[in-house]
Amino acid sequence: MRTVSFLLLAAAAATLLSASALAQSERSLSTPGNLKPFLLKASEASIHEFSRTPSFSWKPVRGAVRYEFQVAKNISFNESSVFYATGSVRSPAVAIPLALPWMSGKPFAAYARVRAVNGDGKVSPWSAPYGFNLRWKDIPQQLPEYPGLSRWTPVEGATGYEVWFTNIGGYEKHVTMRTNSVDHREAYTFHDSPTWTSSVKWRVRAIRNGEEIVHLNGLPAVYYGPWSPEYTSNNPPQSGPLQVVAAVTNGATSKPGEAHAHELTPGLAFRGREALNNFGGTFGLYRVYISTDSDCVNVIFKGSIVGSPAFSPRTSGPLKLPIETTKELPKALAEVLPDGDEANTFMAGVVPVIATEQAPADKETAAPKSSGSTTGVTPASPAVATPKAVDLPESGWPNGRFYWTVVPVRMVIVDDGKKIEYHETRPAQDNCQSGNVIEFGKDSSPVVAGEGTAYASGLSPSGRLVAATGTKNTFYGRPLVAWRPVQGASGYEVQWSHNRDRWRTRGSLETEATAVTLPLDPGAWWYRVRARNPYLPGHVKRMAWSTPLSITVAKPKFRLASSK
């Protein structure tokens, strides 16, 4: 009898479930409402302009098992205009895994929309389109300078900068770098007259790595922001012995006896003038060395030869120094040098040396580099050359330090007066041991993925769209997590684990954006984020991890539903 009763009860339950499912499939799905973009949390106020790719959220639709989401170049969403689409969104929030280019329209350059899909594949109407623009947040502003070194404020979202020297002795040139400073090597190298060195005019704009920027259905996607106004840097005459002065970035300045940590690779300023070269004018040449030890024996960075009283590393490479006396040397004395590989360069002791800015020839692509043309403006393209290891790794601050010094370089005429070699006059070790050295740290800021509370959004177990508000946050389905961008980052890696203290990675993914949907199973999780930097030396092109943050994914809950 009990068995019969149980079977009857089970049959009744199955009938109710079938009726409920049938009713649900026949009920029309509501149009998703309140579609809006956000950067960190879905609870942010609606805006229409962003400096980086936003995520999107909307009000959950009853009966939806997934959502289809599209981004297009115009409000019609015709096939040729849609440049991102996904039909596998399981919660009412989506992260766009692309570094969208800076773009603006009238009124908007891009539009997003979403619709719901139920278990039978039936779809709701599309939501109202949401228009938005992606624009640079700031234009670089000039900062206080040192002789031979120009500086500017960093721009959020930039992976580097392009400087346009608008007037160096009547010549123009474009160069690129990762950090927020540029030396005046073009003005000083092979030049001694104040006509060349006293005043340098320049402009700067932020750039992003072109390989990471999505091209919208064949349309060109620019990798740069707008030019700054034209700035002027004034350089006083230099005299006296060669002395290190400072390592400087936007947030820190290290001086002799005063070390600080720097988030970006610093510009290096020195003073003095050891003019060892007298060829149509008296001028100095110098090379910077950076080491991991105070004796400057373990060298990790070799600067390019410059004539300026400052050095700041570039991605566009060193100057192409003249190596013969009849044509190249007279041209160098009269014009601005183009970029190119150094040749015939030697440490003290006649040991060949290759500058860190100089990548091996077999690692360059066939595309042209910045020409340094003096007959017109030839913009550099940061996306055509293999990244060079011009960034410094983490020093292990505050215990770990880097040490930098500068040595003079002398031109030596060889081969019966036809060829030129470049010889350093003393070892970097001698300078450091005599105290002509500055120590500093490199400590890149870790990714900020939350401030006590995770930057997380998603579907709550009760079926509402929520943003994380405390230390314990539970989501149903896959949560969306976001983070603040890191200066110089070209992408990010996310890992997750069940245990914070005994970390064992259960999954990972990479993205060019600053948000991602985590494919987590039900349970308690920890996740962390770190930035990617292809300009670091060695094989590990990664920066510091964020503080791990906790998140919980709830198990599905089932109940009998009425067919009414």
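Residues numbered from 1 in each chain as written. Predicted model: local features only at pLDDT ≥ 70, side-chain atom pairs only at ≥ 80, totals over all residues. Heavy atoms only, no water.

Draft legend 1. Representation of the pattern of salt bridges in the model. Counted by the stated rule, this structure contains 25 salt bridges. Arg314 is the salt-bridge partner of Glu186, the closest N and O atoms lying 2.6 Å from each other. Of this pair, Glu186 sits in helix 2 (residues 185–188) while Arg314 sits in the loop between strand 24 (310–311) and helix 4 (328–334); the two residues are 128 residues apart in sequence, bridging distant segments of the chain. Note on accessibility: Glu186 and Arg314 belong to one class, buried. Here Asp192 and Arg273 are joined by a salt bridge, their closest N and O atoms 2.5 Å apart. Remark: Arg273 occurs in the loop between strand 19 (267–271) and strand 20 (277–278) and Asp192 occurs in the loop between helix 2 and helix 3 (194–197); sequence separation between them is 81 residues. Exposure remark for Arg273: the relative accessible area of 32% places this residue in the partly exposed category. (Salt bridge = Lys/Arg side-chain N within 4 Å of Asp/Glu carboxyl O. Helix = DSSP H or I, 4+ residues; strand = E, 2+ residues; numbered from the N terminus. Buried < 20%, exposed > 50% of the residue type's maximum accessible area, 1.4 Å probe, protein only.)

Draft legend 2. Summary view of the environment of Gly225. Relative to the helices and strands, Gly225 resides in the loop between strand 14 (199–207) and strand 15 (231–234). Ignoring sequence-local partners within four residues, the contact set of Gly225 consists of Trp102, Trp136, Arg205 and Ala206. (Contact = heavy atoms within 4.5 Å.)

Draft legend 3. Structural view of the state of the cysteines. Tallying each qualifying case throughout the model produces one disulfide. The disulfide that involves Cys296 links it to Cys432, with 1.8 Å between the sulfurs. Torsion about the S-S bond of the Cys296 and Cys432 cystine: about -75 degrees, corresponding to left-handed handedness. Here Cys296 is found in the loop between strand 22 (285–291) and strand 23 (299–302), whereas its partner Cys432 is found in helix 5 (residues 428–433), with 136 residues between them in sequence. For Cys296, a relative accessible area of 4% gives the class buried. Residue Cys432 is classed as buried on the basis of its relative accessible area of 7%. (Disulfide = S-S within 2.5 Å.)

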